[in-house]
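Understanding the architecture of this molecule
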Amino acid sequence: MSDDLFSRALDHHRAGRLGDAEAGYGQALESDPEAPRILHQLGLLALQTNRPALAVSWLERACARNPESDDSRRLLAQAFLAAGQRESAITCLRTRTEVDPRSVEAWIDYATLCQHALHLAEAIRAYREALRLQPSHAALHANVGALLRLSGDPAAAQAALEQALQLDPSLAPAHASLGRVWQDRGLLAAAEQAFLRARSLAPGLISVHLDLGNLLLVSGRNEDAVTRFTEAVALHPDQPDLLVSLGTALRAVGRSDEAVAVLERAVSLAPGLAAAHNNLANARLDQGRPADAAVSFRQASVAAPADASYQSNLILALHYADAPVSVLHDAFAAWNRRVPPALPSALGPTPARRARLRPDRLRVGLVSADLREHPVGRFLLGLLSEGAAAGLEWVAYSDAVREDGLSARLKRDTALWRPIAGRSDADVASWIGADGIDVLIDLSLHTSGNRLPLFQRRPAPFQISYLGYPGGTGVASIPYRLTDRLLEAPGTEPALFPEIPVMLESPYWCYTPPENAPPTVPRASDVVQLGCLGHPGKVTPAVLDAWADILRRLPRARFVLHATSADQRRAVLDRWSRQGIASERVSFVGRLPFSDYLGLCAQIDLILDTFPFNGATTTCDALWMGTPVVTCAGRHPFSRSGASLLDAAGLPQVITYSVGDYVERVVTLAGAPELLRELRLSLRGRLLASRLLDAPAFARAFAHALGSRV
């Protein structure tokens, strides 16, 4: 009777009549309540009809009645996964290997699931068990190699991957994984060849196109990256990850309008892909649209709430857009909800109780991805070189993917240099603890590449932020921020940053001039050239309107603006046209080689600072090239960096405190050609004698500020 009922139910199931099948299995089960085959089919049917909890119940009974059933245990693992119980699925597949330890398929299934769960050591063990049974299985060697790389054992990874390729030279994933090993070791040419080989063998493998293009970006070969990603998109036009990467490459070569179009397509294809929203936001910043960028960063943060970097990007865009204090406070709070501070019980020995290794000096850890040719790296040169004389010992935790000549200069002045790119926060925190760091400094704040979640682990007894931009992070475990007297305006509203300000007796900045900068010479033209070479995202409508007012007051003046986006250029010309400014009075420049950028600084009579987010490096470089800068100081530290820099340079006369005074000061200076000529020829000498370049005094002030708190 039971066999007949089961057979009829099975026929219904195979024909897709699932309701009839379920009823039939139920009748058969009444006749034989513990029949494994009926329980198995009921579990399968429940899984097919999206009832994973019910499927788990049926299949657990089936496995209990028939522990050696390979099919039921595999199906039970699928049911656990569908029910969101991954660890139960892993346990289920581990039991399967114990029931049948000679099943290669069982070991592979178990290893694959462990790999997806990032249980790397167990996945490697399981793959090796499968290899013990089938040692000539090339793909298994490749899987082991890929996991050994992720586990931080490049030599073993290389050996496993080479074994895979010896068994099967046409195995594209093995070539790709070997390329990643070469890239990790800095052997970029070998990595590129491996990726090209993988691509030729498997042009449909999306990850290979991503590997190759990203390698080119890391290598600084941005145009080549655009070419490769364009080729990949032609092969896979609806693949969102490739579109995101192409958009990134287009941004890198200054084609932000094309990047926006590509990234908008990626967002339309994958609305839940956080990277698409994030990169679209960055492209909109390139176009000078910080408010629109903030919208996209917020969407990225919603799409990936566990990734604090998207919330950091949102916070920085809100700075550019001059968001209200309450909005920024909410954004800080949201960041801390995503990455709450570690509980004291998780910290091990309390860092604050650790004795100083050397009472006569502070051991200072610097955490940054920008210890390279970057404004942060440049501003650190003088401080690091004079640190030892001031009683400071530097330990650098460099998250730079690629180090350069400036990295080498910084490295010479550190007691210890630890590359941390790709290393987990847990690993880095343990190093910081072992290195005996007295003060740990975040040098990024919410800029790209920050490691702020690391600080929530509280690996050092004293943690403070500095330099990424003037201000604070709002991160709960960084209670202090370095600042100076000119960065801090009298409080007329609730404080933007919750940290305790630690005041430097010197200016906030220590500028090291670029090597091999050309000498300053008088300008021959009698046409006043105004300009701004800062980040396009800082050029707000209020800034453009102030500049339009200046150009109306100076009918013979011209303006040069850094703008990589054709859309931004059109928007500027349209806005100014409505305000009576002819387009021929305006010229635009994109990204320039550094020497050309310095040369352009020298061709401008007056640099006009942006507000509310002021410039910093561009201000110093302009001064070094003999070009004065007029700034408008605002109410927050990031809107007062121009005032801090110019006061340190001995130029208080170009600091203003309202938009009206800013306009008047520019007009007055533009009408004083002899004063501009005198400034051009004397500025470099003034800087050399100023506090802005006094590295020994700055290092002493830095050490005193930290020492007063530790």
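Structure: see above.
These notes cover the structure that comes with them. (Residues numbered from 1 in each chain as written. Predicted model: local features only at pLDDT ≥ 70, side-chain atom pairs only at ≥ 80, totals over all residues. Heavy atoms only, no water.)

With that settled, the discussion passes to the overall build of the protein. The secondary structure content of the protein amounts to 32 helices and 13 strands. If one aligns the C-alpha atoms of the protein with their principal axes, the spans along those axes are about 110 × 65 × 55 Å. Buried positions account for 54% of the 710 residues belonging to the protein. Here the contacts in the protein between residues at least 6 apart in sequence split such that 63% fall between residues at least 24 apart. If the 72 positive side-chain charges of the protein are averaged to one point and the 74 negative ones to another, these points end up 3 Å apart. (Helix = DSSP H or I, 4+ residues; strand = E, 2+ residues; numbered from the N terminus. Buried < 20%, exposed > 50% of the residue type's maximum accessible area, 1.4 Å probe, protein only. Contact = heavy atoms within 4.5 Å. Lys, Arg positive; Asp, Glu negative; His and termini not counted. Charge placed at Lys NZ, Arg CZ, Asp CG, Glu CD.)

Picture the strands of a sheet paired through backbone hydrogen bonds; they go either parallel or antiparallel. Read across the open sheet, the seven strands follow the order S3-S2-S1-S4-S5-S6-S7; overall the sheet is parallel. In this open sheet, the two strands that pair with only one neighbour each are strand S3 (416–419) and strand S7 (500–503). Along the sheet, successive strands turn relative to each other by an average axial angle of 30°, direction set aside. Of the strand pairs in this sheet, strand S4 (residues 439–442) and strand S5 (residues 462–465) are connected by four bridges, and their pairing is parallel. In the strand pairing of S5, leucine 440 is matched with glutamine 463. Contacts between helix H21 (residues 375–387) and the sheet are confined to strand S1 (362–368) and strand S2 (392–398), with S2 contributing the most and set at about 150° to the helix. (Pairing = 2+ DSSP bridges. Axes fitted to C-alpha atoms, helices over the stretch in contact; angles between N-to-C directions.)

Further remarks concern the packing of aromatic side chains. Going through the model one piece at a time under the given rule, you end up with 18 aromatic pairs. Relative to tyrosine 480, the ring of phenylalanine 462 lies with its centre 4.6 Å away and its plane at 25°, an arrangement referred to as stacked. Residue phenylalanine 462 is found in strand S5, and its partner tyrosine 480 is found in strand S6 (residues 480–483); the two are separated by 18 residues along the sequence. Judged by its relative accessible area of 6%, phenylalanine 462 is buried. Looking at tyrosine 480, the relative accessible area reads 18%, which means it is buried. (Phe/Tyr/Trp six-rings, centres within 6.5 Å; stacked < 30°, edge-to-face > 60°.)

Now for the nonpolar core. Counting 104 residues, the largest nonpolar core has Ile441, Leu530, Trp547, Trp576, Tyr662, Leu692 and Phe702 as its most contacted members. Once residues within four sequence positions are removed from consideration, tryptophan 547 is found in contact with Cys532, Val539, Phe559, Leu561, Trp576, Leu608, Asp609, Thr610 and Tyr662. Judged by nonpolar contacts, the second largest core, of 64 residues, contains Ala9, Trp107, Ala160 and Ala191. (Core = buried A, V, L, I, M, F, W, Y, C linked by side-chain atoms within 4.5 Å.)

Inspection of the sheet shows S2 paired to S3 by four bridges, in the parallel sense. Paired with tyrosine 397 across the two strands is arginine 418, which belongs to S3. With respect to chirality, the unit in which S2 leads through helix H22 (residues 405–411) into the neighbouring parallel S3 is right-handed. (Right-handed = clockwise from strand over helix to strand, strands pointing away.)

The parallel open sheet is built from six strands, whose spatial order is S10-S9-S8-S11-S12-S13. Either end of the sheet is taken by a strand with one partner, and the two such strands are strand S10 (586–589) and strand S13 (655–656). As judged from the four bridges shared by strand S9 (residues 558–562) and S10, these two strands associate in the parallel manner. Considered in S10, the bridge of valine 560 is made with serine 587. Lying over the sheet, helix H30 (residues 659–670) contacts strand S8 (529–532), strand S11 (606–608), strand S12 (629–632) and S13, oriented at roughly 165° with respect to S12.

With respect to the secondary-structure elements, glycine 531 resides in strand S8. Distance in space between the C-alpha atoms of glycine 531 and alanine 697 is 33 Å, their sequence separation being 166 residues.

Going residue by residue along S12, you find Val629 and Thr631 tucked away on one face and Val630 and Cys632 tucked away on the opposite face as well. Strand direction decides the pairing type here: S11 and S12, joined by two bridges, are parallel. The residue bridging leucine 608 from the neighbouring strand is valine 630, located in S12. For the segment spanning S11, helix H28 (residues 617–624) and S12, crossover handedness is right-handed. Note that S12 and S13 share two bridges and pair parallel.

In helix packing, the relevant descriptors are the interaxial angle and the interaxial distance, both defined with respect to the helix axes. One can describe the packing of helix H3 (residues 36–48) onto helix H4 (residues 52–65) by two numbers: an axis separation of 8 Å at closest approach and a directional angle of 160°. It follows that H3 is roughly antiparallel to H4 by the angle criterion. Of the two elements, H3 crosses H4, and the hand of that crossing is left-handed. Each of Pro36, Leu39, His40, Leu42, Gly43, Ala46 and Leu47 in H3 lies in contact with H4, whose residues at this interface are Leu54, Ala55, Trp58, Leu59, Arg61, Ala62 and Arg65. (Parallel < 35°, antiparallel > 145°, perpendicular 65-115°, else oblique. Left-handed = near helix turned anticlockwise from the far one by under 90°.)

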